[in-house]
Amino acid sequence: MPSEEVTTGRADPTHEPLLSCTAEMTPVNEISGTRDSSARSELFAALHPDDAIETIGEDNVSGTEESLQPAEELPEDVNPVWAWVVVFATLVVKALTMAFPSCVGLFYTDLQKEFNASNSEVSWIPAIIRGLRHAAGPFCSLLMERLGSRTTVMLGGVLSGLGLAAASLTQSIGQLYITAGVLTGLGFCFSLQPSVAIIGHYFVRRRAFANAISSMGMGLGMLCLPHLVTYLRIEFGWRGSCLILGSVVLNICVCGAVMRPTGARGAPLLKRQTEEASDTPGRLPMWRRVASSVSKRMAFDQMLQNSRYCVYVCGVTWLILGFGVPIFYLYPYAKALGMAPSKATDVLTCLAVVNVLTRPLFGLVYNKSWIKERHIGFFSCALLLNGLSNGLCCFGPSFPLLMVYAAIQGLSMSVVGSLMITILMNFVEMRRLSSALGLFNMMKSVPLFIGPPLAGVLVDVTGDYSYVFAVCGAVVASSGVFLMVAFHWLDSRASVASSPASSD
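Each chain carries its own residue numbering, running from 1 in the written order of its sequence. Note on the predicted model: pLDDT of at least 70 is required for a residue's local features to be given, and 80 or more for side-chain atom pairs to be given and counted; whole-chain, interface and lining totals, by contrast, use all residues. Heavy atoms throughout the structure, all of them, feed into the side-chain values; hydrogens and water do not.

(A) Broad picture of the environment of glycine 217. Here a helix means four or more residues in a row that DSSP labels H or I, a strand means two or more in a row labelled E, and each is numbered from the N terminus. For glycine 217, the location among the structural elements is in helix α10 (residues 216–249). Spatially, the C-alpha atoms of glycine 217 and leucine 91 are 4.5 Å apart, while their sequence positions differ by 126 residues.

Here it is as structure tokens:
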């Protein structure tokens, strides 16, 4: 990634580099700071919806009015009040799509009894939802190019609503994979990705603040959905709950309806880039468009030529295998310890509250110069804290201890989520950012698919949920150690390589 500091205002050539860069990375022209910052936000929002809000770390949220003066102007048809309506709609979409997989654990025991299924078989449902939310990104980009953001969001709302409603009629665990897994996962991807990207069409100067507000959606969803699902499960059972939740998810269509195009910026950024870069006459078949889209968005050469990108992607891929997986088992684990369902739900609520309160604060703190130079260090320490805290669940935990665990998890998840994409953007040239994010996104989808089922196998074999917390904690902590040691070695190698040049 370029060594310049990206801001939302005028480029300042006196900025110090965020991180030391290796020789193979080419700096970006500092004069184009504003244009690059805008393009970065929209590009990675379209390719990486789960972490798109993390560009808050790249923007000077607390800067002066002069430093935030944009170089681009909004279209004349953008209503400032309506822009905040779009932000609220994006917040609701995030709350419904990103928090729902964590609530699947509330149905674990019901689904096991209904279909005589093992933990690993039930674990495939949230795994499919989370994996498709990433893996279907290139296909979602094609839909955005052909249909626009608003129609794609509404299509996703219909798919996810139908998937959950159809899940209430299923007669086997395999049918649940198709309905609650594939249909709902695709619907969530089609809804989340365009809704995040469209904020860039409505905001310039306050884009970072708008992203910060919408980023609270996941925490608010985790705060509200577990209580709603618990109530529905007690009153209507898991089938009735799925039917009602399907109708709730259909509100995504309402959120999509307010995301109207905005003049010249109404077309998605990826569509404009495709039109500008394409030199092939005529229309290509859909399968060739998909193949072309995948090839353009997969930066395989960066894995061979950019050592920092390679190390970071490998470390994060290993991290995702255990990161967040224990949350799916937190509710059944609390019930297995004899806690009341309301107390088990309160544990998830504590995690959500901490996440909601700390994420915007971290976005502001990351602008401090002494933190910008140590992003990898803070990221690695947060992974160590997240992994080691899982040990609290391995020694006869009580309700107060689980609440402490949830608070630590919420805090560390805020740090990790806020820095994951910000760090990646430091290692890749601007012209390769979209393809680098595409490969990063696809590699993350693999552990997202297999992580929960592997944890389910561990529970089936051992009969004890505590092993899941121990193993996942070891995976997350080891990834933090790996990143810390690997980047220390890369920095040392870069210093040794630059010392002869400086002496000459």
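Still more ground to cover, so stick around.
(B) Up close: the pattern of salt bridges. Criterion for a salt bridge: a side-chain nitrogen of Lys or Arg within 4 Å of a carboxyl oxygen of Asp or Glu. Counted according to the given criterion, the structure contains three salt bridges. When the shortest N-O distance is used, the salt bridge between arginine 308 and aspartate 491 registers 2.5 Å. Here aspartate 491 lies in helix α22 (residues 466–503) and arginine 308 lies in helix α15 (residues 307–320), a separation of 183 residues in the sequence. Relative accessible area serves as the criterion here: at 2%, arginine 308 is assigned to the buried category. For aspartate 491, a relative accessible area of 30% gives the class partly exposed. Only protein chains enter the accessibility calculation, which uses a 1.4 Å probe; a residue whose area is less than 20% of its type maximum is buried, one above 50% is exposed, and one in between is partly exposed.

(C) Expanded view of unusual backbone geometry. Positive phi outside glycine occurs at asparagine 116, with the angle close to 50°. For asparagine 116, the position within the fold is in the loop between α3 (108–115) and α4 (119–135). Classification of asparagine 116 by relative accessible area gives exposed; the value is 71%.

(D) Representation of the side chain of glutamine 409. Within the secondary structure layout, glutamine 409 lies in helix α20 (residues 399–424). Classification of glutamine 409 as buried rests on a relative accessible area of 1%. A distance of 3.1 Å separates a polar atom in the side chain of glutamine 409 from the backbone oxygen of asparagine 386. Any two residues whose heavy atoms approach within 4.5 Å at even a single point are treated as in contact. What glutamine 409 contacts, discounting residues up to four positions off in sequence, is Ile327, Leu351, Asn386, Ser389 and Asn390. Counting of polar contacts relies on pairs of N or O atoms within 3.5 Å, with two restrictions inside protein: one atom must be capable of donating a hydrogen and the other of accepting it, and residues adjacent in sequence are counted only when both atoms are side-chain atoms.

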